[in-house]
Amino acid sequence: MVTTLIRGGTVVSATGRQSIDVLIDGATIAALIEPGAAPFGDGLAERVDNVVDATGKYVIPGGVDAHTHMQMPFGGTTASDTFETGTRAAALGGTTTIVDFAIQTPGEHVQDTLQAWHEKAAGNCAIDYGFHQIIGDVNTESLAAMGELIDEGVTSFKLFMAYPGVYYSTDGQILRAMQKCAEIGGLMMMHAENGIAIDELVAQHLGRGETGPYFHGVSRPWQLEEEATHRAIMLADVTGAPLYVVHVSAHQALEQIATARGAGGNVFAETCPQYLYLSLEEQLGAGGFEGAKWVCSTPLRARSEGHQDQLWRYIRTGDVAGVATDHCPFCMVGQKELGIGNFSKIPNGIGGVEHRMDLMFQGVVDGRISLERWVEVCATTPARMFGLYPRKGVISPGADADVVIYDPAGHTSIGVGKTHHMNMDHSAWEGFEIDGAVTAVWSRGKKVVEDRRYLGAKTDGRFVRRELSQNLI
Ligand code: URP
Ligand code: ZN
Ligand code: ZN
C-alpha cells in the first residue's frame, strides 16, 4: 500500500483549522501528526513513499456533490456528460464523491431503473459515487421498492412537484411517499415548484409570442417556488418525513424553510452556485438565444429582487445546509437549440460539477462565508446529510483518503472557449475568475489530480452504499 505524508499545510474542517500533517496509508487517512513530532510509533515513518509539501495551502476533505445528473435522459435528449467525463471533471475541480439520481418514470419498475444506473456508472467513474432514487410513479409497488433500496445503500428519494406528465407527483402521491420515508428512515428530496400553475403560464407566454429563454424564468415566478416549498413542508409535517428541498433559488422559499427549521422540523435546503452568482436579467436575459445556456429549474432569479444576497446570508446562518451543483449539462448545438422558438423545449440544466469548490471558495475570498463554512457546505454536511460520514467529508483517521490541496494564492480562470473538462460546448461560468486553485486531489489514497493534470482512471470510482441520513434532529 502506498503511504503519503502531506506536510506543512493547514487542515480545514467544518469546525476549525489546524497546522497539522496528514498521513495517508493506502485508501484511508492513518493519522494527523503535529508538525515536528516524531511521527509514527509503529514504523510507518520508514515506509512513507511520498512526502508532499503543502506549505501555504489548505488541506481539505474532497468535495461531496450531492446532486448530479450524468447522462440523464431529459427534454428529448440526454445530459452530455457521461459518468466518465463528468466524474473526471469533478475530480479536476476537487470533488471526490458525487450522488447522482437513478430515475424511475411512469410504468417502470424502480429496481430495474436503479440497476440501469448501476450499469451506466460501474467501471466508468473517476471518483466514488452513490445514488438517490427518483420516484416518478408513486404506486404500491414503487413504495415497496423504496424500502428495499434502503438496504442497498440508496437512502434518499426525489419527487417532483414540477414537470407534469414527466416526473410530476400529485399531493396524494407525495403524501404516500413521505409516509413511506417516515416509516423506513429515508430522506425525502423535493423539487418544489408548482408545475401545474407553471404550465399554464408557459402556455400563456408562448401564446403571446414570448418564446425566448428569458420567459423560461418569467414563467416560473418565485411565488410558485415558495408555495410549493410551503406545501412540501406541511406534507412533511403531517407525515413526519425528513425533507430536503433541492436547488432552492428564491429567498422566499428559504424563508419558509428557515421558519420550519425554527419550529424544530427536519427540513433542509440545498442551493447551487448558479443561484448565488447568476441572474434572470444578466444570463437568461442575454441577447438572442444565448440565455438558453442558463435555462434550468428552479430558474435563475432576478438580481433586483435580492435573491443572491439573501441566499449567501442563509448559507451563513445555516438554513442552507449544503451547496450542490445540480450538474445537468447540455450542449448548445443539437441540445439547447431544440428550444429555438419555444423556450419550453430547451433541455433544463446547467453544468458546473468542475467549478463548485472554486466558486464557493470565491465566497470565502469575497467575505460571504468563512473558510470552515466552505468546507462544511461543500463536503461535511452533504456527507452527513446523505449517510456518507465519517468515510467522506472529513479529514480524520479512518476516513477515506479523499483529500484536496487548495492554494489560496492560486488563480483559476474559467476561460472563454473550452478550458473546462466537462463535455459541453460552452460553459455557464465562462469568464469567471477565481482567487484560488485546486492543486492536488487524492481519491481513496490515489493521487488523481496534480497541477490541473488528471492522473486517474475511469475505473477508480466505486459505488458507495450510503447509511441513513446522519443529519436529522
Ligand atoms: O434544470 C434542472 N434542474 N435540471 C435537472 C433536473 C432537476 O430538476 O434537477
Ligand atoms: Zn429538480
Ligand atoms: Zn437536479
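Position labels on residues start from 1 in each chain and follow its written sequence. Chain labels run from A onward and ligand labels from 1 onward, assigned in the order the entries are written. Only residues with pLDDT of at least 70 are given local features in this predicted model, and only at 80 or more are side-chain atom pairs given and counted; all residues enter the totals for whole chains, interfaces and linings. Side-chain figures throughout are based on the complete set of non-hydrogen atoms in the structure, without hydrogens or water.

Per an unreviewed UniProt entry, the protein chain goes by the name Dihydropyrimidinase and belongs to Mycolicibacterium smegmatis. UniProt positions are given in the numbering used here, feature names are shortened, and annotations may be inferred rather than shown by experiment. What UniProt records for the protein chain under Sequence similarities (unreviewed entry) is the sentence "Belongs to the metallo-dependent hydrolases superfamily. Hydantoinase/dihydropyrimidinase family." Taken from UniProt, the Cofactor (unreviewed entry) comment for the protein chain reads in full: "Zn(2+)".

Undergrad: Where do I start with the packing of aromatic side chains in this structure?
TA: In this description, an aromatic ring pair is defined by two values, namely the gap between the centres and the angle between the planes. Note on aromatic pairs: the rings of Phe, Tyr and Trp (six-membered ring only in Trp) are paired at centre separations within 6.5 Å, and the planes decide the class, stacked below 30 degrees, edge-to-face beyond 60, tilted for the rest. All told, the structure shown has 19 aromatic pairs when counted by the stated rule. Pairwise contacts between aromatic rings join Y58, F361, W374 and Y406 into one cluster. Each ring is checked for a lysine NZ or an arginine CZ that lies within 6 Å of its centre and within 35 degrees of its normal; such an atom marks a charge sitting over the ring. Seen from the ring of W117, K120 lies directly overhead, with NZ or CZ sitting 3.4 Å from the centre. Across the ring face of F101, the terminal group of K158 is positioned such that the distance to the ring centre comes to 5.4 Å.

Undergrad: What is the right way to read helix α1 (residues 83-92) from this model?
TA: Count 3.6 residues to each turn of an α-helix, and residues three or four apart come out pointing the same way. Most of α1 is tucked away, with 8 of its 10 residues classed as buried. Of the positions making up α1, those classed as buried are F83, T85, G86, T87, A89, A90, A91 and L92. Note on contacts: a residue pair is in contact if any heavy atoms of the two residues lie within 4.5 Å. A run of H or I in DSSP becomes a helix once it reaches four residues, and a run of E becomes a strand once it reaches two; helices and strands are each numbered from the N terminus. On the buried face of α1, the contacting elements are β11 (95-104), α2 (110-121), β12 (128-135), β21 (437-443), β22 (446-450) and β23 (453-454). Exposure classes here rest on a 1.4 Å probe applied to the protein chains alone. A residue is buried below 20% of its type maximum, exposed above 50%, and partly exposed in between.

Undergrad: Sorry, what's going on with the packing of α2 against helix α3 (residues 140-151) here?
TA: Angle between the axes and distance between the axes: these two values describe a pair of packed helices. The geometry of α2 relative to α3 is characterised by a closest axis approach of 9 Å and an angle of 45° between their N-to-C directions. With respect to α3, the element α2 is oriented oblique. Listed contacts from α3 to V110, Q111 and L114 of α2 are S142, A145, E148 and L149. For the contact of α2 with α3, the class distribution of residues is 4 nonpolar, 2 polar and 1 charged. A fitted line through C-alpha atoms serves as each axis, taken over the contacting stretch for helices, and the angle formed by two N-to-C directions is quoted from 0 to 180°. Should an angle lie under 35 degrees it is considered roughly parallel, over 145 roughly antiparallel, and from 65 to 115 roughly perpendicular; all remaining angles are considered oblique. Residues are grouped as follows: Ala, Val, Leu, Ile, Met, Phe, Trp, Tyr, Cys and Pro are nonpolar; Asp, Glu, Lys and Arg are charged; all remaining types, including Gly, are polar.

Undergrad: Where do I start with the domain arrangement of the protein chain in this structure?
TA: Interfaces are often sized by the amount of accessible area the parts lose when they come together. Residue ranges labeled as domains rest on an automatic or database domain assignment. What the domain assignment reports for the protein chain is domain 1 (1-58 + 390-452) and domain 2 (61-384). Summarising the inter-unit geometry, the C-alpha centres of domain 1 and domain 2 are found 28 Å apart. Across the contact, 44 residues belong to domain 1 and 47 residues belong to domain 2. Both sides of the domain 1 and domain 2 interface together cover about 3,700 Å² of buried area, and 63% of this is carbon and sulfur. Buried area counts how much accessible surface, traced with a 1.4 Å probe, disappears from two parts once they are put together, with both parts' losses summed.

Undergrad: Even after reading the chapter, I still don't get the layout of surface pockets, so can you show me in this structure?
TA: Gaps between atoms show up when a probe of the same size as a water molecule is rolled over them. A 1.4 Å probe that fits but cannot get out identifies a cavity on a 1 Å grid over protein atoms alone, an open set with protein on both sides within 12 Å along at least five of seven lines counts as a pocket, and a residue lines either if it has an atom within 4 Å of a point. Grid points are joined across faces, edges and corners, and a volume is the space filled by probe spheres set on the points. What the largest pocket holds in volume is close to 430 Å³. Taken together, 18 residues form the lining of the largest pocket, with Y163, V166, R220, S344 and N348 sitting closest to its centre. In terms of residue count, helix α5 (residues 195-207) provides more of the lining of the largest pocket than any other element does, 3 residues in total. A per-class count over the lining of the largest pocket returns 10 nonpolar, 5 polar and 3 charged.

Undergrad: What am I meant to see in helix α11 (residues 307-317) here?
TA: Residues of α11 that are buried: H307, Q308, L311, W312, Y314 and I315. One side of α11 carries all its buried residues, which in axial view fall inside an arc of 160°. Two residues or fewer past α11, G318 is found with a positive phi of approximately 100°. Taking the helix axis as origin, the arc is that swept by the directions to the C-beta atoms.

Undergrad: I keep staring at the pattern of salt bridges and nothing clicks. Help me out?
TA: Here the idea is simple: oppositely charged side chains can pair when their charged atoms come close. By definition here, a salt bridge exists when the distance from a side-chain nitrogen of Lys or Arg to a carboxyl oxygen of Asp or Glu is within 4 Å. Counted according to the given criterion, the structure contains 22 salt bridges. Ionic pairing is found between R301 and E225, a salt bridge with its closest N-O pair at 2.8 Å. Remark: E225 occurs in helix α7 (residues 222-239) and R301 occurs in the loop between α10 (280-284) and α11; sequence separation between them is 76 residues. Here R301 matches E225 in class, with each residue buried. Note that K392 and D402 form a salt bridge whose closest N and O atoms lie 2.8 Å from each other. You can see K392 sitting in the loop between α13 (371-385) and β18 (403-407) and its partner D402 sitting in the loop between α13 and β18, a full 10 residues away along the chain. You can call D402 buried: its relative accessible area is 4%. One continuous salt-bridge network, built from bridges that share partners, spans D128, R391, K392, D400, D402 and R444.

Undergrad: Can you walk me through the pairing of strand β7 (residues 58-61) in this structure?
TA: Moving residue by residue along a regular strand, the side chains alternate between the two faces of the sheet. Strands qualify as paired when DSSP identifies two bridges or more between them. In terms of strand pairing, strand β2 (residues 10-12) meets β7 through 2 bridges, oriented parallel. In the strand pairing of β7, V11 is matched with V59. With 4 bridges joining them, β7 and β18 adopt antiparallel strand pairing. Note that in β18 the partner of V59 across the bridge is I405.

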